[in-house]
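One letter stands for each residue in the lines below.
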Protein chains: 2
Amino acid sequence: MNSDYGVTPIGTVRSCFPDKFGVPRQPSLCPHARGEVVLSSPWNTEEAFRGIEDFSHVWISFLFHQVPADQAPSALVRPPRLGGNTRVGVFASRSPFRPNRLGLSLVRNQGLTRRHGELCLAISEIDLVDGTPVLDIKPFLPWCDAPEAATGAWANEPPAATLPVRFSPQAEHRLQQIQWDYPELRDLIREVLNQDPRPAYHRDDPERRYALRLYDLDVHWLVANGTCVVERLEKA
Amino acid sequence: MNSDYGVTPIGTVRSCFPDKFGVPRQPSLCPHARGEVVLSSPWNTEEAFRGIEDFSHVWISFLFHQVPADQAPSALVRPPRLGGNTRVGVFASRSPFRPNRLGLSLVRNQGLTRRHGELCLAISEIDLVDGTPVLDIKPFLPWCDAPEAATGAWANEPPAATLPVRFSPQAEHRLQQIQWDYPELRDLIREVLNQDPRPAYHRDDPERRYALRLYDLDVHWLVANGTCVVERLEKA
């Protein structure tokens, strides 16, 4: 390993997003996107989190583990927000294809839970794929993490959630059948598809069908006449 | 190296704080605290920062390199903000004594400069000691990095800058002599000492004299009758 420092995960993300397709491009876009950090030894103790309940939000420092470690990051990237054609510097973007593959997400703190002997920090509004290695968790400090006068250029405002979503009768029926097991699934599907997860270069192809995996379900959808239609849901 | 992932710095901080004594406990407390990230190959190219000028603030992900790598972090820490006696979980604090020694600071972006062949990102409002290895630089995105409803418990408000500061006639004279080389030094000294960098367990000892190094100067001071007196400045 040709590197100067070593890091070891303190835990692993368990998330509603088993695949990266459909993962929101930043946190906060999908309030119903839920997950948890499953803590690893020696950090799976309540002591290490004493006082965490006082903070509404926490920073998750993580590794973009699905980017191959041997893929050399390039100096320029193409943010989806700019249509996928404009190139900006990797350090002027939040692209996953970056040195050290280090990611940073502000998520809502839903509290510490112990389940089947595992200690977990529940989190929501996430943009983290299942299996993400977590390197650190820090509390959000409003007075120094959120400068009033900050400006963010083309990323000053959230991306418009432009794609209206409707459910086919078949999908509606299925949602009702499984609502006991997946009580927020309808909201989550709507929030994820609102963001239009299609790659920019697909958008001229109205016939294309997509499957998006949420939890252990494949959500099948297409875009017709500017509306996203959820056709059906299937167990993965 | 018994670790799961390797990371390599993209650059190193050059800072007005050569030692950790006196470094502000978070960014933004000392507007005149200035430094720069000196970029290392292969990241010392303007391309990698294209568009950075559009962002007022950037996140610096760094290593607390002055914490020994072999010092095992403990689950509980004593934040100075709580008087140094109350213990909270390491993940409910921003203590440097933490797993992976990973730090995170939001600093003001002062722009890219090239000097003597080195490419540097100038930054201010810093809380970073000279020589800090930088692992990543990311733009601050107001819409997802600063939730409106965030709450931060005992760290909701900035610490009160309680220590009034005055300069001895000798210190005043010296400041005037060197003001061409250190134009903002008076402001910086005031901002740093306002925060009262003394360890909590020193505060009952009025005779104690301190030296704080800023740039290549030793600033000598003491606290008398609740006021910090800067006695003199000397070349280090």
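Residues numbered from 1 in each chain as written. Chains lettered and ligands numbered in written order. Predicted model: local features only at pLDDT ≥ 70, side-chain atom pairs only at ≥ 80, totals over all residues. Heavy atoms only, no water.

Residue and element names in this part refer to chain A. When cut into domains, chain A gives domain 1 (11–145) and domain 2 (165–235). Facing the 14 residues of domain 1 at the interface are 17 residues of domain 2. Both faces considered, domain 1 and domain 2 share a buried interface measuring about 1400 Å² in area, 60% of it formed by carbon and sulfur atoms. Considering only the side of domain 1, the residues that lose the most area to domain 2 are Cys 16, Phe 21 and His 32, jointly responsible for 43% of the buried surface there. If you look at where domain 1 meets domain 2, you find 1 salt bridge. The interface formed by domain 1 and domain 2 contains 4 residue pairs in polar contact (both at pLDDT 80 or more). Here the side of domain 1 that touches domain 2 is built from residues that sort into 8 nonpolar, 3 polar and 3 charged. (Domains from an automatic or database assignment. Contact = heavy atoms within 4.5 Å. Buried area = accessible area lost by both parts, 1.4 Å probe. Salt bridge = Lys/Arg side-chain N within 4 Å of Asp/Glu carboxyl O. Polar contact = N/O pair within 3.5 Å; in protein donor to acceptor, adjacent residues only side chain to side chain. Nonpolar A, V, L, I, M, F, W, Y, C, P; charged D, E, K, R; others polar.)

It is worth spelling out the sheet that holds strand S13 (residues 227–235) of chain B at this point. All names here are of chain B. Taking strand neighbours across the sheet as the criterion, the 4 strands line up as S10-S13-S12-S11 in an open arrangement whose pairing is mixed. Both edges of this open sheet fall to strand S10 (165–167) and strand S11 (209–214), since each of them pairs with a single strand only. For this sheet the average axis-to-axis angle between neighbouring strands, irrespective of direction, equals 35°. Pairing between S11 and strand S12 (residues 217–224): 6 bridges, direction antiparallel. Bridging from a neighbouring strand, Ala 211 pairs with His 220 of S12. Each of S10 and S13 is contacted by helix H2 (residues 169–177), which is oriented at about 50° to S13, the strand it contacts most. On the sheet, helix H3 (residues 185–194) packs against S10, S11, S12 and S13 and is oriented at approximately 140° with respect to S10. (Pairing = 2+ DSSP bridges. Helix = DSSP H or I, 4+ residues; strand = E, 2+ residues; numbered from the N terminus. Axes fitted to C-alpha atoms, helices over the stretch in contact; angles between N-to-C directions.)

Phe 17, Phe 49, Ile 60, Ile 137, Leu 185, Ile 189 and Val 230 of chain A are the most contacted members of the largest nonpolar core, which has 60 residues in total. Counting residues per element, this core draws most heavily on helix H3 (residues 185–194) of chain A, which supplies 5 residues. The residues touching Phe 17 of chain A, leaving out its near neighbours within four places in the chain, are Gly 22, Val 23, Pro 24, Ala 33, Ile 126, Leu 128, Val 129, Asp 130, Leu 188, Val 192, Arg 213 and Leu 214 of chain A. One finds Val 37, Val 134, Leu 217 and Leu 233 of chain B within the second-largest nonpolar core, a separate group that totals 59 residues. (Core = buried A, V, L, I, M, F, W, Y, C linked by side-chain atoms within 4.5 Å. Buried < 20%, exposed > 50% of the residue type's maximum accessible area, 1.4 Å probe, protein only.)

All names here are of chain B. Taken across its 8 residues, S12 has 7 buried, putting it largely inside the fold. Hairpin connection, S11 to S12: the antiparallel pair is bridged by 2 residues, and Tyr 215 has positive phi, about 50°. Direction of pairing for S12 relative to S13: antiparallel, over a ladder of 8 bridges. Residue pairing across strands places Val 223 opposite Cys 228, the latter belonging to S13. Here S12 hands over to S13 after 2 residues, with Asn 225 in that stretch at a positive phi of 50°.

After a rotation of 180° and a shift along the axis of 0.0 Å, chain B superposes on chain A with an RMSD of 0.0 Å. The relationship between the two copies is best expressed as a two-fold rotation axis. Taken as a fraction of all interface residues of chain B, those also at the interface in chain A reach 100%, which identifies the copy contact as same-surface. (Least-squares fit on C-alpha atoms with pLDDT ≥ 70 in both.)

Residue-level contacts link 75 residues of chain B with 75 residues of chain A. When the area that chain B buries against chain A is broken down by residue, the three leading residues are Tyr 5, Phe 91 and Trp 143 of chain B, summing to 14%. In this assembly, chain B and chain A are joined by 4 salt bridges. Note that Arg 94 of chain A is salt-bridged to Asp 145 of chain B, the shortest N-O span being 2.9 Å. At the junction of chain B with chain A, the criterion picks out 24 residue pairs in polar contact (both at pLDDT 80 or more). Secondary-structure elements contributing two or more residues to the side of chain B that touches chain A are strand S1 (5–7), strand S4 (57–63), strand S6 (88–89), strand S7 (102–115), strand S9 (133–139) and helix H1 (142–145) of chain B.

What follows covers the environment of Val 165 of chain B. Residue and element names in this part refer to chain B. Examined against the element boundaries, Val 165 turns out to sit in strand S10. Between the alpha carbons of Val 165 and Leu 222 there is a distance of 10.0 Å; along the sequence they are 57 residues apart. If sequence neighbours within four positions are ignored, Val 165 has contacts with Arg 190, Leu 193, Asn 194, Cys 228 and Val 230.

The next subject is the packing of aromatic side chains. The final tally for this structure, using the stated rule, is 17 aromatic pairs over all chains. Look at Phe 21 of chain A and Tyr 210 of chain A: their rings are 6.0 Å apart centre to centre, the planes differ by 25°, and that puts the pair in the stacked class. Note that Phe 21 of chain A is positioned in the loop between strand S2 (11–15) and strand S3 (34–39) and Tyr 210 of chain A in strand S11 (residues 209–214), a separation of 189 residues in sequence. On the accessibility criterion, Phe 21 of chain A (26% relative accessible area) is partly exposed. An angle of 55° between the planes, with centres 6.0 Å apart, marks the rings of Tyr 182 of chain B and Tyr 215 of chain B as tilted. With a gap of 33 residues between them, Tyr 182 of chain B in the loop between H2 and H3 and Tyr 215 of chain B in the loop between S11 and S12 connect regions that are remote in the sequence. Taking the relative accessible area as the measure of exposure, Tyr 182 of chain B reaches 14% and is therefore buried. (Phe/Tyr/Trp six-rings, centres within 6.5 Å; stacked < 30°, edge-to-face > 60°.)

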